[in-house]
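A closer look at the structure
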Amino acid sequence: MSAMVATARPAPDIAAANPVLRMAGVTKRFGTLVANDAISLDLGRGEVLALLGENGAGKSTLVSILFGHYVADEGEIEAFGIPLPPGDPAAALAAGIGMVHQHFTLADNLSVLDNVMLGTEPLWLPFSRRAASRRRLVETGQRFGLGVNPDAHIASLSVGERQRVEILKALVRGAKILILDEPTAVLTPQESESLFATLGQLVAEGLSVIFISHKLDEVLRVSSRIAVLRGGRQVATLPAAEADKAMLAELMVGRAVPPAQRHPRLPGAVACSLRNATLRGIGASALLDGVNLELRSGEVVAVAGVAGNGQDTLADLLCGLHAPDSGSLEVLGARLPASPQAWVRAGVARIPEDRHAVGVVGDLPVWENAILERYAGASFARLGVIRRSVSQAHARHLVERFDVRGTESAGLETPTRALSGGNMQKLILGRALMGDPSDRSGPVLIVANQPTWGLDIGAVAYVHQQLLDACAAGSAVLLISEDLDEVFALADRIAVMHHGCLTEARPASAWTLAEIGLAMTGPVAHESPAHVAA
Amino acid sequence: MPSRLAQLAAPFAAVAFTLLVTSLLVAWARAPVGQAYALLLEGGFGSRFAWGETLTRATPLILTGLSAAVAFKARLFNIGAEGQLYLGALAAVAVGGLHGGSGLALSPWLVFPLMMLAAAAAGALLLLVPALMKSRLGVDEVVTTLLLNFIVLLFVSLMLDGPMKDPTAMGWPQSVALQDALQLGKLAERSRIHSGLLWALSLSVALWALLRFTTTGFEIRAVGANARAAAFAGMPVGWVTVKVALLSGALAGLAGAIEVAGRTGYVTLDMSPGYGYSGIVIAMLAALNPLGVVAAAVFVAGILVGADSMSRAVTVPTYIADVIVSVSLLAMLVAAMLSNYRVTATTSGVHGSRRPPPEGRAARGPGST
């Protein structure tokens, strides 16, 4: 990822001299869990401070304390030299702290201006001061280069534009300190670039930004200083100029993380093919619109795209939950009925997107979840009775082979919901990849929908390695992912999904990041030499 | 994981708390609390006669409790056990009391199983309709099963005043009686306790084994705990709901048949003082465990019988039994919840012991389809 916009980077000593925000010894406990352990941070004027950490490192808790949603057990916070009263969001707003949440808090059916004005006016006034508000909105937009039509309805805006409205909302209310929570999670590469440009402009105007992320590249790109949190502790705070990716990853995880190893292999026979597959939903436009895709053994094909463009429908189709309305869908040359059992028996390993809601039954013990897909088969049941010892032996084998932790104290009877996200994913992965004990051959096809979503770096590396190993052993792998780093790290071929349409799956080397970004937002001609981010 | 000790202690703590709360009401009724409780305990569990009455009362409660437990386990909220019980009773009498009580012209060895089958089928079919409406159309089964109770009661009333009326009953609305050979034997001399209790006990063990060891039981537990995950894994969720409905309805129908065959021999409109509804309470008290249902049913029956006996001696109305059962359910639910947590004293008050927020999912873009 090459830099398109040079980000303003003031010298670090400005921050120390005259901080706009100071957090000293902030500690927050939930029961026995220490979510924040004596965190001390200074934020200087005109600086971007990145808060880097894995899921559960305590980033969100810290920001919630800052914004008054939680009360810290210890420590104090000062904004512009004045102590901030704990547990008072209104005081935080008044002190000039603005927050842009990961999930936007906009009313879809209202205009941009309405959304910006919402909650800013006293209710007892007989008329709302729209003209004045409009002037302020336009002025603020011009000053920071955030052009948005004030009369546009939110529903008609793209995700990137909505984020701009969120930022404008905070700025119009007089925010001097802006907190952005995982702002790039929903953006295309182009939209991210434009956000980074905006950040540059904000700090040039003297605002300060706290940028929360777990993506190393962008943290290095936009921030002047980086604070790394791990397990609730502040493990390092360092100038971005002195940091590099490997070092940050190690700080974040606490150990070195080797990248997944891949062994190049020639793709083999076609394992699964979709021809002109179409699935209509209730709405006017099709959920899947004439999708063509061929998956070969020994090959990873990735489907990239912004969430909600039909990836889930594609995954459901390939997990045996739906049949296409028209077109064909074949596994090893045979049509399968829309029944998960048939797909499992045909050797399709399925990894669903939402591991809590769809992947496991949280209340049931680990061993029962290990046989959830094959409980009625001859390997695990006889005459309608579950073969308990065989099933538990299988689960024990799975727990050992896939290194599922968290069953140490209660064993295989541990309720699955007690496992961490990474271990739950290992259980699902093991269940899918190990297949039936009576059948030694690996899966024909692996359908992995966002398999590393929300996992820490260590678990991500593990899942990637397992997928690549299975692929090297002859499985065809379909990876559906919104994370372009993951797509480029694993895929042999990449296709992009937009509005239910899928582009041709081209070799990974034939795509540039910019082209993928364009394809994610609309159909593109394949020949266009789109070197936008040169 | 809640500790074993906390889980075992929870019911006892709940009962103790209940007796404490209800003692206020007893005191309010100007009765001596100690004596009232002693009488209640003695009336429910204090003698051979008391045990006989309690176990007789517990028999239908075990069956309706099992009916609710299996349905709730699969998240099929069957509130209609009362109606299923009456329809089961009516079906039993229809088979076993034909031709003015002489039954079918067959040996009782054949008619008895037919009678029980008819009762089970009647209850099962009555719940099948709401279950199909739930799994096919998404109709809320709480509403449909609850309202069916009233329809069934009116239907029973119609039958008892019409086609199935006992001509020898001097105008009382009661059905023809089962022939003696079809009635359940008594288990003990000078007591009303009958062999239906053995049926109820065997069925609770059978249901426990079904849920714990079989593929069907696995399906029921998985569908109840997370239907989406069960469907993804390939379980036939709709069919499981139907199987559970048939099972639950059949158990409630059997409760009616066994009550008729074990006690009165004929159906009346007041044969069940709300056994169907009490079954829900019992299932919840037992945390939906079929073996626990037996203990909970005996507890509830003992309180009901004991309160009758107490109210004859001191000035406390029998309604105290309903209050005790209701409060014990609430206390039990709270105790079960608390046993999952470790309660600690903190200095920071309200903010002390909340669970940490899950770090947010990466935001999903709004659907663009």
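Being a predicted model, the structure only gives us computed values, none of them experimental. (Residues numbered from 1 in each chain as written. Chains lettered and ligands numbered in written order. Predicted model: local features only at pLDDT ≥ 70, side-chain atom pairs only at ≥ 80, totals over all residues.)

**Re the overall build of chain A**
For chain A, the count of helices and strands is 18 helices and 23 strands. In summary, chain A has a C-alpha radius of gyration of 25 Å against a globular reference of 24 Å for 534 residues, a match within 12%. With the C-alpha coordinates aligned to their principal axes, the bounding extent of chain A is approximately 70 × 55 × 50 Å. Relative to its 534 residues, chain A shows a buried fraction of 48%. Sequence-distant contacts, at least 24 apart, represent 69% of the contacts inside chain A between residues at least 6 apart. (Helix = DSSP H or I, 4+ residues; strand = E, 2+ residues; numbered from the N terminus. Rg over C-alpha atoms; globule rule 2.2 N^0.38 Å. Buried ≥ 20, exposed ≤ 12 C-beta atoms within 10 Å, placed from the backbone. Contact = placed C-beta atoms within 7 Å.)

**What about helix H10 (residues 311-318) of chain A?**
Residues and elements named next belong to chain A. In terms of residue burial, H10 counts as a mostly covered element, since 7 of its 8 residues are buried. All of the buried residues along H10 are Gln311, Thr313, Leu314, Ala315, Asp316, Leu317 and Leu318. Looking at the residues trailing H10, positive phi occurs at Gly320, about 85 degrees.

**Here we look at the domain arrangement of chain A**
It is common to report an interface's size as the accessible area lost on association of the parts. Residue and element names in this part refer to chain A. Here chain A is described as being made up of domain 1 (1-96 + 176-253), domain 2 (101-174), domain 3 (258-347 + 442-534) and domain 4 (356-440). Domain 3 and domain 4 are separated by 26 Å when their C-alpha centres are compared. Contacts between the two partners involve 13 residues from domain 3, matched on the other side by 10 residues from domain 4. Looking at side-chain class alone, the side of domain 3 that touches domain 4 contains 9 nonpolar, 3 polar and 1 charged residues. (Domains from an automatic or database assignment. Nonpolar A, V, L, I, M, F, W, Y, C, P; charged D, E, K, R; others polar.)

**A few points about the sheet that holds strand S14 (residues 326-331) of chain A**
All names here are of chain A. The antiparallel open sheet is built from 4 strands, whose spatial order is S12-S11-S14-S15. Of all strands in the sheet, those bounded by a partner on one side alone are strand S12 (286-296) and strand S15 (334-335). Two elements, strand S11 (residues 270-280) and S14, share 5 bridges in a ladder whose sense is antiparallel. Bridging across to S14, Ser273 finds its partner in Glu330. The sheet contacts of H10 involve S11, S12 and S14, and relative to S12 the element is tilted by about 55 degrees. (Pairing = 2+ DSSP bridges. Axes fitted to C-alpha atoms, helices over the stretch in contact; angles between N-to-C directions.)

**Things to note about the confidence of the model for chain A**
Residue and element names in this part refer to chain A. Per-residue pLDDT for chain A averages 86, and the proportion of residues at 70 or more is 93%. Note that pLDDT drops below 50 for residues 1-16; the model gives that stretch 34 contacts with residues more than four away or on any other chain. Segment residues 525-534: pLDDT under 50, and 13 contacts once partners within four positions in sequence are set aside and those in other chains are kept. (pLDDT = per-residue confidence, 0-100.)

**Focus: helix H5 (residues 130-144) of chain A**
Residue and element names in this part refer to chain A. A rise of 1.5 Å per residue sets the reference length of H5, with its 15 residues, at 21 Å; its end C-alpha atoms lie 21 Å apart and thus fit the reference within 8%. Listing the buried residues of H5 in full gives Arg136, Leu137 and Gly141. Summarising the axial view, the buried residues of H5 lie within an arc of 130 degrees, below the 170-degree limit, and thus occupy one face. Exposed residues pointing more than 90 degrees away from the buried face of H5 are listed as Ala131, Ala132, Arg135, Glu139, Gln142 and Arg143. Next to the buried residues of H5 lie helix H4 (112-117) and helix H6 (159-172). Following H5 by one or two positions, Gly145 adopts a phi angle in the positive range, close to 70 degrees. (Expected span 1.5 Å × (residues − 1). Arc of directions from axis to C-beta.)

**Thoughts on the packing of helix H2 (residues 33-45) of chain B against helix H3 (residues 48-73) of chain B**
All names here are of chain B. Two elements in contact, H2 and H3, have axes whose closest approach is 5 Å; the angle formed by their N-to-C orientations is 75 degrees. As the angle between them shows, H2 and H3 are arranged roughly perpendicular. Across the interface between the two elements, Glu42, Gly43, Gly44 and Phe45 from H2 touch Ala50, Trp51 and Thr54 from H3. Residue composition of the contact of H2 with H3, grouped by class: 3 nonpolar, 3 polar and 1 charged. (Parallel < 35°, antiparallel > 145°, perpendicular 65-115°, else oblique.)

**Digging into the nonpolar core**
Residues Leu445 and Leu478 of chain A together with Ala89, Ala92, Ala119, Ala297 and Val300 of chain B are the most contacted members of the largest nonpolar core, which totals 199 residues. Split by domain, this core shows at least three residues from each of two domains, domain 3 (258-347 + 442-534) and domain 4 (356-440) of chain A. Setting aside residues up to four positions removed in sequence, Ala297 of chain B forms contacts with Ala58, Leu61, Ile62, Gly65 and Ile282 of chain B. With 69 residues, the next largest nonpolar core counts Ile39, Met117, Ala185 and Val186 of chain A among its residues. (Core = buried A, V, L, I, M, F, W, Y, C linked by C-beta atoms within 7 Å.)

**Comments concerning the confidence of the model for chain B**
Residues and elements named next belong to chain B. Predicted confidence across chain B gives a mean pLDDT of 86, with 89% of residues reaching 70 or more. Every residue in residues 346-369 scores below 50 in pLDDT, and together they form 48 contacts with partners more than four places removed in sequence or on other chains. Interface scoring of the predicted complex returns ipTM 0.82; its pTM is 0.79.

**What about the environment of Pro86 of chain A?**
Residues and elements named next belong to chain A. Relative to the helices and strands, Pro86 is located in the loop between strand S5 (82-83) and helix H3 (89-94). Owing to 16 C-beta atoms within 10 Å, Pro86 belongs among the partly exposed residues under this scheme. Pro86 sits 391 residues away from Val477 along the chain, and the two C-alpha atoms are 50 Å apart. When near neighbours in sequence (up to four residues on either side) are disregarded, Pro86 contacts Val71 and Ala72.

**Thoughts on the packing of helix H4 (residues 81-96) of chain B against helix H7 (residues 141-161) of chain B**
Residues and elements named next belong to chain B. Across the interface, H4 lies against H7 with an axial gap of 8 Å and an inter-helix angle of 25 degrees. In terms of axis orientation, H4 runs roughly parallel to H7. As for the relative orientation of H4 and H7, their crossing is left-handed in sense. Residue-level inspection shows Glu82, Gly83, Tyr86, Leu87 and Leu90 of H4 in contact with H7, the latter providing Leu148, Asn149, Val152, Leu153, Val156 and Met159. A class-by-class count of the residues in the contact of H4 with H7 yields 8 nonpolar, 2 polar and 1 charged. (Left-handed = near helix turned anticlockwise from the far one by under 90°.)

**A word on unusual backbone geometry**
Residues and elements named next belong to chain A. In this model, Phe80 sits at a positive phi of 50 degrees, which is unusual for a non-glycine residue. Tracing the backbone shows Phe80 in the loop between strand S4 (74-79) and S5. For Phe80, a count of 15 C-beta atoms within 10 Å translates into the label partly exposed. The phi dihedral of Leu383 falls on the positive side, at around 50 degrees, and the residue is not glycine. Assignment of secondary structure puts Leu383 in the loop between strand S17 (381-382) and strand S18 (385-386). Given 6 C-beta atoms within 10 Å, Leu383 falls into the exposed group.

**Observations regarding the pairing of strand S7 (residues 177-181) of chain A**
Residues and elements named next belong to chain A. Among the 5 residues that make up S7, 5 are buried, leaving the element largely enclosed by the rest of the structure. Of the two faces of S7, the one holding Ile177, Ile179 and Asp181 and the one holding Leu178 and Leu180 are both buried throughout. One ladder, built from 4 bridges, connects strand S6 (residues 97-100) with S7; its direction is parallel. From the neighbouring strand, Gly98 faces S7, where its bridge partner is Leu178. Handedness of the crossover joining S7 and strand S8 (residues 208-213) through helix H7 (residues 189-204) is recorded here as right-handed. (Right-handed = clockwise from strand over helix to strand, strands pointing away.)

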